[in-house]
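Notes for the structure review
The primary structure of each chain is shown beneath.
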4 protein chains.
Amino acid sequence: MKKLRIGIIGAGRIGNVHAQSLTYFIPQAEVAMITDPNEQAAQRVAQAYGIPAWGPDYRTLLADPSIEAVLVCSPTPTHADIAMAAMRAGKHVFCEKPVDLTLEKIRATARVAQETGRKIQVGFNRRFDHNHGRVRQLAASGALGQVEIVKITSRDPQPPSPEYAASSGGLYIDMMIHDFDMAMFLAGSDVREVYATGVSLVDPRIGEAGDVDTAIVTLSFENGALGVIDNSRRAAYGYDQRVEVFGSLGMAAGENDGDTTVRLSTEAGVVSDKPQYFFLERYMASFTEELRQFVEAVVNDKPVPVGLHEGLMSVALAKAARLSLDEHRPVQVREILEA
Amino acid sequence: MKKLRIGIIGAGRIGNVHAQSLTYFIPQAEVAMITDPNEQAAQRVAQAYGIPAWGPDYRTLLADPSIEAVLVCSPTPTHADIAMAAMRAGKHVFCEKPVDLTLEKIRATARVAQETGRKIQVGFNRRFDHNHGRVRQLAASGALGQVEIVKITSRDPQPPSPEYAASSGGLYIDMMIHDFDMAMFLAGSDVREVYATGVSLVDPRIGEAGDVDTAIVTLSFENGALGVIDNSRRAAYGYDQRVEVFGSLGMAAGENDGDTTVRLSTEAGVVSDKPQYFFLERYMASFTEELRQFVEAVVNDKPVPVGLHEGLMSVALAKAARLSLDEHRPVQVREILEA
Amino acid sequence: MKKLRIGIIGAGRIGNVHAQSLTYFIPQAEVAMITDPNEQAAQRVAQAYGIPAWGPDYRTLLADPSIEAVLVCSPTPTHADIAMAAMRAGKHVFCEKPVDLTLEKIRATARVAQETGRKIQVGFNRRFDHNHGRVRQLAASGALGQVEIVKITSRDPQPPSPEYAASSGGLYIDMMIHDFDMAMFLAGSDVREVYATGVSLVDPRIGEAGDVDTAIVTLSFENGALGVIDNSRRAAYGYDQRVEVFGSLGMAAGENDGDTTVRLSTEAGVVSDKPQYFFLERYMASFTEELRQFVEAVVNDKPVPVGLHEGLMSVALAKAARLSLDEHRPVQVREILEA
Amino acid sequence: MKKLRIGIIGAGRIGNVHAQSLTYFIPQAEVAMITDPNEQAAQRVAQAYGIPAWGPDYRTLLADPSIEAVLVCSPTPTHADIAMAAMRAGKHVFCEKPVDLTLEKIRATARVAQETGRKIQVGFNRRFDHNHGRVRQLAASGALGQVEIVKITSRDPQPPSPEYAASSGGLYIDMMIHDFDMAMFLAGSDVREVYATGVSLVDPRIGEAGDVDTAIVTLSFENGALGVIDNSRRAAYGYDQRVEVFGSLGMAAGENDGDTTVRLSTEAGVVSDKPQYFFLERYMASFTEELRQFVEAVVNDKPVPVGLHEGLMSVALAKAARLSLDEHRPVQVREILEA
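Everything in this summary refers to the structure shown in the same document. (Residues numbered from 1 in each chain as written. Chains lettered and ligands numbered in written order. Predicted model: local features only at pLDDT ≥ 70, side-chain atom pairs only at ≥ 80, totals over all residues. Heavy atoms only, no water.)

Looking at the overall build of chain A
Spelled out, the test is: Only DSSP runs of H or I with at least four residues qualify as helices, and only runs of E with at least two residues qualify as strands; both kinds are numbered from the N terminus onward. As defined in this context, the radius of gyration uses C-alpha atoms, and a globule is described by 2.2 Å times the residue total to the power 0.38. Summary of the burial criterion: residues with accessible area below 20% of their type's maximum are buried, those above 50% are exposed, and those between are partly exposed, where the area comes from a 1.4 Å probe applied to protein chains only. Residue-level accessible areas treat just the shown protein chains as cover; the underlying method is Shrake-Rupley with a 1.4 Å probe. Charge counting follows a simple rule: Lys and Arg are positive, Asp and Glu are negative, and His as well as the terminal groups are ignored. Positions of charges follow a simple convention, taking NZ of Lys, CZ of Arg, CG of Asp or CD of Glu.
Counting its regular elements, chain A contains 14 helices and 15 strands. For 339 residues, the compact-globule formula gives about 20 Å, and the C-alpha radius of gyration of chain A, at 20 Å, lands near that figure. With respect to the principal axes defined by its C-alpha atoms, chain A has extents near 55 × 55 × 45 Å. For chain A, the proportion of its 339 residues judged to be buried stands at 62%. Counting every atom, chain A has about 12100 Å² of accessible surface; 51% of that belongs to carbon and sulfur. Of the charged side chains in chain A, 34 are positive and 43 negative; the average position of the first set lies 3 Å away from that of the second.

Right, dumping it as structure tokens:
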């Protein structure tokens, strides 16, 4: 079997995760090269997974004609430029989210995709989670009837450093972007209007930096349904990731995953597992699954499961949420898209 | 043991429920009389529970000096007037919610309570529910740390008739009022600001009558926490009543009650009970408990557990929600209170 | 509505429970008299529930022709004699379990029932529990196919005093008798063979008195199914009452009941409620339901739901279990019945 | 890092599973060769996982001095002979269960292990399951106090062919052997006495072949605790694998694993996932974990986690259970061990 030769650009945490998935779990693909400006990081990942080539410059990778697809795992501000360069070099692209912090660049990337005919998939891995995916499947199957309410709870186990929080673009773009995409995925519809609340309760330095760490955002979907997302930067009991879709015929809802199903009953009560700690534990299988589907789409020339429309809309919603918070009013997503 | 002699004004569904609770479960009290303009209804309840006197006119009841306390279970527009008359006749009062649809009358009722020194408890029975009460207890105990997010899901099994929906004052006052009170109970704080969404997805006639049947309302509490309530007039799987409080040290959340804990595992899946059907099933024990505490407060001259402040604020929030929907903007509760 | 006039013989714990059920929850019946050799005990119960007559001697009660049915709540050794006397006095009888510790007396009681045509129901209240009843209902409906395995876990929260344990007839007759009856109820079949293990792990004084406090008993049912019961006199987490029926098409299993559905999630784990503490909490509704069905059977002249066959077989199984333990071999129930 | 070079003898289902685990998840090891009399099977596995050498004869493998450890995944009757040959060839051995159907050969294998100083681990993978392992960990930690009752439910989703059932040695040795080992693992004690019931309810041809398909076995442990195992060859709802340990301070119990945590609530009820289908789904991670610990024991010269004592006792219990069934009496394990 000929394997799809893939290059990975960026040897940080997520580049490492993808290298592992491709090496161990996706027999149809192989990692041909990994690059990172920090060449030692690239080398470490290469040696860990037996990747035959590495280097500091992604252009070397793009220049290798035997490489058919690349994963863009570099810092966010470089995503779009590298993705465009890769497509122009003839590669199919898997691009981490967000594609860019500006709608302009995302749209430019989309134009390049269209011109070159290359595929580009955006890394919203949570769509491939076993629980969330099942909820979506039930909604899409009609088992819930017409979707009326979508609810998402998404809380991190502990807050980032105030420095990171400040530089990340803020909670709505850095953290809730996953939930915006999940909301549209679950509802099967884009969002029309956003109303955002947000406060700083977890770490005052986050508030001083102009960001929020606790937020509830209400959504009105194009299809008439309503939605709500709540985020917190800190949950004492671990990584809280639950979704619920309510429709005219019923409800589908997923609980958190624990490490075991064991319950301990003593005089003190009945104790069960906390949620798995953080995204590398909770979502590891989804990282593999999104790549498996990307590889399959490339190999069999099928549409990718998550494209630039999703990449664009999630960023637009994050911007709408921030504008809503700043101006203390509901914001039409159209205002953002047409700005 | 001398029993507290209680009169019940109104022999409808809730008057009947209270007669049952007092007769069977509250040994400290006895029902001395029940009145209803529909005298046959009064007679039916009287005979069912062995109540020695009944009649068509609540003034007969108020004139009986042996009756120390009354339950006001008449139609909403009469609540405040009867409550005031009862207090002026020297009775302590348990008043069904809402006390009135206007803040003026609620405030007038409060003035009469102060002048007469009579106790008045408002019938927010859900505060006395075993699940919600436990969540509040955990929050109040400090086990959750500082409260940051309050979430309430409240969905009825089936919609009212469009006629009822139209005459009831609308979803926010008729249905969500319970959840507004619950939110303040759980947060241990009043609400500062309300943002309401609402659509008609369940029954178009409800929308035509100017009301909504599906709604999500975001709350900002005085203590800095955020909250969200979702309501639907129709849940295919039954009466959905869940609350969640999230704080700096953890989360407490209650699931629905089913009739049994039995799970049936077959080739088709693992099936457990639906939520108990509606409020008479789900909240019966809470109706008893609120009366038990009312009787205890009267007998031992202690403060009632739910007073007119709660009665006023819940109506103010309902009005704020409706104004928010109408003007499509967040509304300060102060705007309503100072109008 | 004419009410069934009932007399209660025995004003101990269970007599009190039944008085409460009949007074508050069974409108078709009224308690006409209660007797107890300890007349003060009888008086206390009478006054608590408004029972108009009481006294020390059950014969006074049997002599009252207006009393149509009696509840035999006296000490076990007197059950059969009083039940027979009551039937001969023309009363229908509800008799607490065990009917007697000898098969002879139970059979004699059955003969009197046949001669007099009076109804006699045995107090196996757990058959009327919401969870166990649902499991039985699913088994009886065919939803589980052919029953193959029945499992019962039954553990008390704390052991009795060694004195009580010694005088009670031992674990198999005092505690497991409920489970023997439950096993036959769930399987829809009598038991053919019993193999008992039993050890004293909880309190050495129980072992010194010749009894066991921890036991596992295997059953072979007449219908070919297998069963197992485990008992302990002490469960640190409370009263553990679970049943499971496994058949060719699936399984039905009930979990314990807690006081609430609330879960507390903190850094320490996710904690939910312990099982309700003991039988008065866990089985209160079943005590009412067995009486409701008894009253209905008497009033409408229908068969009682649990009769002397069940009373006899449960005692036979307890004897078989003890013989199995003593002789360290499987015992045919026939050996006991034909002894 | 130098990797431990491992040879796999037997390219059937379990050999394939182990090849996968070693290749993907255990960086400390590599598969150097795989053999199977069916050379094509060996080749298929070799090519799937990039194993450099394969062949029909395990003696070739044993003759390779660079191979330090072997996995014996051949048919049961050959386990002991191959394991002994491997140890004599200087290899450490991981041997699938049962080591042999006779105690003589298992003892002979133990003698060879002692003479050669080689390590030998027996493949009781379920000890490494996340749920069962947690229950054991809680028991071993003292959180449960003194262990008093051990309960194991183990049911296959569908029965084997009657031919397989007949040739497999029967349910006690083929299926319940895992549960015998699990019982001793959970109790932290060997078993002293066994009483077995067993019937054929699932497939009459199994009964005609002299075997049972539904069984309950009671255990008395050396440490005084009691235990019970129930087995069925067919569970309509899937692979049912639950364990429970009850002690003086509490209980630890594991539920089945489903694929998701999602619940679907509709008018028909609340439906959650069935148990994962069969052992390859349910226990895959445990297969990896047992090998990881084997490799670690070899590389660091530490004791293996499951040795020949466990291999011997599990077979002895299976024999005791069969003898108990045949002679319809409790059997001392000593009778088997000293036969």
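Observations regarding the interface of chain C and chain B
The condition that has to hold: Any two residues having at least one pair of non-hydrogen atoms within 4.5 Å are treated as being in contact. Two parts placed together each lose some accessible area under a 1.4 Å probe, and adding up what both lose gives the buried area. Salt bridge, as used here, is a side-chain nitrogen of Lys or Arg placed within 4 Å of a carboxyl oxygen of Asp or Glu.
On the chain B side, the residues contacting the 28 residues of chain C number 28 residues. When the two sides are added together, the surface that chain C and chain B hide from each other amounts to roughly 2100 Å², 53% of it contributed by carbon and sulfur. Considering only the surface of chain C that becomes buried against chain B, Tyr24(C), Thr261(C) and Val262(C) emerge as the three largest contributors, covering 26% of it. Linking chain C with chain B are 2 salt bridges.

Looking at the relation of the copies chain A and chain B
To be explicit about the condition: To superpose the copies, least squares is applied to the C-alpha atoms of every residue with a pLDDT of at least 70 in both.
For the pair chain A and chain B, the superposition axis carries a translation of 0.0 Å, the fit reaches an RMSD of 0.0 Å, and the rotation angle comes to 180°. Taken together, the rotation and translation describe the operation of a two-fold axis. Relative to the rotation axis, the C-alpha of Arg329(A) is the closest in chain A, positioned 2.9 Å from it.

Some words on the pattern of salt bridges
Counting across every chain of the model gives 104 salt bridges over all chains. A salt bridge links Lys119(C) to Asp301(C); its shortest N-O distance comes to 2.8 Å. With Lys119(C) in the loop between α5 (103-116) and β6 (120-122) and Asp301(C) in the loop between α12 (284-299) and α13 (308-327), this pair connects stretches of sequence that are 182 residues apart. Note that Asp257(C) and Arg282(C) form a salt bridge whose closest N and O atoms lie 3.4 Å from each other. With a gap of 25 residues between them, Asp257(C) in the loop between β12 (250-254) and β13 (262-266) and Arg282(C) in helix α11 (residues 279-282) connect regions that are remote in the sequence. Sharing partners across several salt bridges, the network here consists of Lys151(A), Glu244(A), Arg155(B), Asp230(B), Asp240(B) and Arg242(B).

Observations concerning unusual backbone geometry
With omega at -10°, the peptide bond leading from Lys97(C) into Pro98(C) counts as cis. Considering the arrangement of structural elements, one finds Pro98(C) in the loop between β5 (92-95) and α5. Positioned with a positive phi, Asp301(A) is a non-glycine residue whose angle comes to about 50°.

Examining the interface of chain A and chain B
Let me state the cut-off plainly: Definition of a polar contact: a pair of N or O atoms within 3.5 Å, with one able to donate and the other able to accept a hydrogen when the atoms are protein atoms, and with sequence-neighbouring residues admitted only if both atoms are side-chain atoms.
Listed as interface residues are 42 residues of chain A and, on the opposing side, 42 residues of chain B. Both sides of the chain A and chain B interface together cover about 3200 Å² of buried area, and 63% of this is carbon and sulfur. Its largest share of buried area at the contact with chain B, chain A owes to Leu201(A), Ile216(A) and Leu226(A), together 17% of the area lost on that side. For the pair chain A and chain B, the interface holds 8 salt bridges. Linking Arg155(A) and Glu244(B) is a salt bridge whose minimum nitrogen-to-oxygen distance equals 2.8 Å. Run the count over chain A and chain B and you get 15 residue pairs in polar contact (both at pLDDT 80 or more). Among the elements of the structure, β7 (147-155), β8 (191-199), β9 (214-221), β10 (226-232), β11 (240-247) and β12 (250-254) of chain A are those that each provide at least two residues to the side of chain A that touches chain B. It is β10(A) that provides the largest number of residues to the side of chain A that touches chain B, a total of 6 residues.

Section: α12(C)
Because the α-helix completes a turn every 3.6 residues, residues three or four places apart line up on one side. We count it as follows: Given a helix with a known number of residues, its expected span is that number minus one, times 1.5 Å.
Spanning 16 residues, α12(C) covers 23 Å between terminal C-alpha atoms, matching the ideal 22 Å at 1.5 Å per step. Every buried residue of α12(C) is listed here: Ser286(C), Phe287(C), Thr288(C), Glu290(C), Leu291(C), Phe294(C), Val295(C), Ala297(C) and Val298(C).

Things to note about the packing of aromatic side chains
Here is the rule we go by: Only rings of Phe, Tyr and Trp enter the pairing, Trp through its six-membered ring, and a pair is recorded when the two centres are within 6.5 Å. The plane angle decides the type: under 30 degrees is stacked, over 60 is edge-to-face, the rest tilted. Note on geometry: a ring has a charge over it if NZ (lysine) or CZ (arginine) is within 6 Å of the ring centre and within 35 degrees of the ring normal.
Applying the stated rule across the entire model yields 43 aromatic pairs over all chains. Pairing Tyr239(B) with Phe278(B) gives two aromatic rings, centres 5.0 Å apart and planes at 70°, and the pair type is edge-to-face. Highlighted residues: Tyr239(B) in the loop between β10 (226-232) and β11 (240-247) and Phe278(B) in the loop between β14 (269-272) and α11 (279-282), separated in sequence by 39 residues. Here Tyr239(B) falls in the buried class, since its relative accessible area comes to 2%. What makes Phe278(B) partly exposed here is its relative accessible area of 22%. Aromatic side chains Phe278(B) and Phe279(B) sit 5.2 Å apart centroid to centroid with 80° between the ring planes, which places their arrangement in the edge-to-face category. Three or more aromatic residues joined by ring pairs form one cluster here, namely Tyr24(A), Phe25(A), Tyr49(A), Tyr24(D), Phe25(D) and Tyr49(D). The ring of Phe246(D) is capped by Arg155(C), whose NZ or CZ atom sits 4.1 Å from the centre of that ring. Above the ring of Tyr58(D), the side-chain terminus of Arg59(D) is found at 5.8 Å from the ring centroid.

Things to note about the packing of helix α9 (residues 176-187) of chain A against helix α13 (residues 308-327) of chain A
Residue and element names in this part refer to chain A. Keep this limit in mind: Here the axes come from fitting lines to C-alpha atoms, over the contacting stretch only for helices, and the angles between their N-to-C directions go from 0 to 180 degrees. Between 65 and 115 degrees an angle is taken as roughly perpendicular, under 35 as roughly parallel, over 145 as roughly antiparallel, and anywhere else as oblique. Note on convention: the crossing is left-handed when the near helix lies turned anticlockwise from the far helix by less than a right angle, right-handed when the turn is clockwise. Under the grouping applied here, Gly and all other residues not named as nonpolar or charged are polar, the nonpolar ones being Ala, Val, Leu, Ile, Met, Phe, Trp, Tyr, Cys and Pro and the charged ones Asp, Glu, Lys and Arg.
Between α9 and α13, the least distance of the axes is 9 Å, while the angle of their chain directions is 120°. Taken together, the axes of α9 and α13 lie oblique to each other. Relative to α13, the crossing made by α9 is right-handed. Counting all contacts with α9, which are made through Ile177, Phe180, Asp181 and Met184, the residues of α13 involved are Glu310, Met313, Ser314, Val315, Leu317, Ala318 and Ala321. Partitioning the contact of α9 with α13 into residue classes produces 8 nonpolar, 1 polar and 2 charged.

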